[in-house]
Amino acid sequence: MENDISVAEPRRRWLHWALVGAAVAIAVAIIVYRSVTFVNEPQQPQRRRFQDGGNQPVGVAHIDRGDIRLTLRALGAVTPLATVTVTSQISGYLMSVAFKEGQLVKKGQLLAQIDPRPYQVALEQDEAELARDEATLKQAQMDLARYETLSGQQSIARQTYEDQVWTVKQNQGTVDFDKAQIKAQQLNLTYCRIVAPTDGRVGLRQVDPGNYVQAGSSTGIVVLTVLKPTTVEFAVPEDSVPQVMGRVNAGAQLPVTAFDRANVTQLAIGQLAAVDTQVNSTTGTVMLRANFDNADEKLFPSQFVNVVMLLDTLKNVVRVPTRAVQRGAPGSYVYLVGAQNTVAVHPIKLGEQDGDFFAVVSGLSAGDVVVTDGADRLRDGAKVSIPNPSATPATPAVPNGPRGHGHGQGQGGGAGGHGNGQHHHRQPGSGDQPESGQPPAPGQPAGQALPPGQPSAPVTPQPPAQQSR
């Protein structure tokens, strides 16, 4: 048994080294094969962008002249001209309600009826007291006339005549008091009919018929709100107040437009009506009020809206699309298309912004051509291709709405934000061989390079996101 174990041990050791040697031989053979095939493989010329006619396709726009609106934007709230809590001015049982919840009512229209019978009885009592006191006054006046004749004949004492004079005046005061009481009861009967104090829309009923209402109740019967016209109150920074007051003092009518919470749908157009007299020390803002007709009732009380107030309009100024403006080390700049479709970094000075355009203070003139699409892959002095130049739009083909960020903002520290000048982008459809070590583009057979001097195939511009890096 011991002899068998001693013989098997050398066999296993020999088998181990044989496997190791075979693995090493295979690895050396693979390395030699790859080296030979790499040396014999034909070298494909590397093509870089902006060489051999591979110009970068871009979108451009012509600089023109137009109007730039100076606007002030703020968040506001719809504030009705009047919100009335309709309450009863007398106490009594609520007999009926003459409105429907949410109904539009007119001034003087009946809203509710209080039981008038107690006040009708009180009126009749006061009328009876007036008749009695008037008879007493009449008798005193007749006695005064007799006393006056007897006093002239010295048939009665002078004091008796004078006392009668004051008695007549007392009775006259009693009669006047009775008449005032009658008017008060008549007024109470009028208050039994609760009418709308103004035009507007009533809300939800606060008291049901059959309840006993009291004068001065804080809850009231219903709340009436004036919807047409209405106002919007909004706050502006105190730094904007001098510009606003300058226009107001000049007699300008400042139009104000209200948009919905999403700042997409226009709700109404009105005019600035009033400016508050002091700055809120907590927020550093000043409240403004604008009037709106609100004929279609799109503005609802306490609704939050986005407000745009037009302060002034700059007429016929040079303007540049916001998509063409880049920002980097030179500040604000554009890629200006020059002779032979060569772009250059061109610093400009911007003014006010109006939607998709900036006013140009200096640096551009009407008729200049600037890059609007594809600027993030350009450098100073690069050549570009303009697909279908005859159809180049004069203005950006972007609908009015929320403005997107311009291409290339904040990129790079050199001219145009691309300091190294190294680009590894290939033009789709150019037919050139990809760079060494890179797989061929999707749909392009490997190893098919264009002969030297043959122009590349027409390029179909693709969105930046579809170009391989």
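What you see as residue numbers is a count from 1 along each chain, following the sequence as written. The predicted nature of this model means local features are confined to residues of pLDDT at least 70 and side-chain atom pairs, given and counted, to a pLDDT of 80 or more, with totals for whole chains, interfaces and linings taken over all residues. Processing note: side-chain calculations cover all non-hydrogen atoms of the structure and skip hydrogens and water entirely.

(A) Fine view of the pattern of salt bridges. When a carboxyl oxygen of Asp or Glu is within 4 Å of a side-chain nitrogen of Lys or Arg, the pair counts as a salt bridge. Applying the stated criterion to the full structure yields 14 salt bridges. Taking the shortest distance from any N to any O, the salt bridge between Asp-64 and Arg-319 comes out at 3.3 Å. With Asp-64 in strand 3 (residues 64-80) and Arg-319 in strand 16 (residues 304-321), this residue pair connects regions lying 255 residues apart in the sequence. Judged by relative accessible area, which is 16%, Arg-319 ranks as buried. Salt bridges linked by common partners bring Arg-201, Lys-228 and Glu-297 together as one network. Numbered from the N terminus, helices here are DSSP runs of H or I no shorter than four residues, and strands are runs of E no shorter than two. A simple rule labels every residue: compare its accessible area, found with a 1.4 Å probe on the protein chains alone, to the largest value its type can have, and call it buried under 20%, exposed over 50%, or partly exposed in between.

(B) Quick peek at the pairing of strand 19 (residues 343-347). A pair of strands is treated as paired once DSSP finds two or more bridges between them. Pairing of strand 18 (residues 331-337) with strand 19, which is carried by five bridges, proceeds in the antiparallel orientation. Residue pairing across strands places Leu-336 opposite Ala-344, the latter belonging to strand 19. As consecutive antiparallel partners, strand 18 and strand 19 are separated by five residues, and within that stretch Gln-340 has a phi angle of approximately 55°, a positive value.

(C) Inspection of the sheet that holds strand 8 (residues 193-195) at higher detail. Read across the sheet, four strands follow the order 8-7-5-10 without closing on themselves; strand pairing throughout is antiparallel. Where the open sheet ends on each side, the last strands, each with one partner, are strand 8 and strand 10 (212-213). Relative to strand 10, strand 5 (residues 92-97) runs antiparallel, the two being bridged by two bridges. Across the sheet, Tyr-93 pairs through a bridge with Tyr-212, a residue of strand 10.

(D) Seen up close, the confidence of the model for the chain. Scored by pLDDT, the chain comes out at a mean of 80, with 77% of its residues at no less than 70. pLDDT is a residue-level measure of predictor confidence that goes from 0 to 100. For the chain, the element scoring lowest by mean pLDDT is helix 1 (residues 2-40), at 72; strand 13 (residues 255-259) scores highest, at 96. Taken together, the stretch residues 44-52 has pLDDT below 50 and engages in 19 contacts with residues farther than four places along the chain or on a different chain. Overall, residues 391-469 carries pLDDT values under 50, and its contacts beyond four positions in sequence, including any with other chains, amount to 121 contacts. Residue contacts are counted whenever heavy atoms from the two residues lie within 4.5 Å of one another.

(E) Up close: the packing of aromatic side chains. Centres within 6.5 Å are what make two rings of Phe, Tyr or Trp a pair, Trp counting through its six-membered ring; a difference in plane orientation under 30 degrees is then read as stacked, over 60 as edge-to-face, and the rest as tilted. Counted under the stated rule, the structure contains two aromatic pairs. Between the aromatic rings of Tyr-93 and Tyr-212, the centroid separation amounts to 5.0 Å while the plane-to-plane angle is 75°, which identifies the pairing as edge-to-face. One end of the pair, Tyr-93, is in strand 5; the other, Tyr-212, is in strand 10, and 119 residues separate them in sequence. You can call Tyr-93 partly exposed: its relative accessible area is 49%. For the pair Tyr-333 and Tyr-335, a centre-to-centre distance of 5.9 Å together with 85° between the ring planes defines the contact as edge-to-face. Per residue, the accessibility class of Tyr-333 equals that of Tyr-335, and both read buried. Distance and angle both matter: a charge sits over a ring if NZ of Lys or CZ of Arg is within 6 Å of the ring centre and within 35 degrees of the ring normal. Of note, Arg-319 hangs over the ring of Phe-357, and the distance from its end group to the ring centre comes to 4.2 Å.

(F) Just the environment of Ser-362, in detail. Position of Ser-362 relative to the elements: it lies in strand 21 (residues 357-362). Exposure remark for Ser-362: the relative accessible area of 36% places this residue in the partly exposed category. Once the C-alpha coordinates of Ser-362 and Ile-348 are considered, the two residues, 14 residues apart in sequence, prove to be 5.9 Å apart. In this view, Ser-362 contacts Ile-348 and Lys-349; residues no more than four positions away in its chain are not counted.

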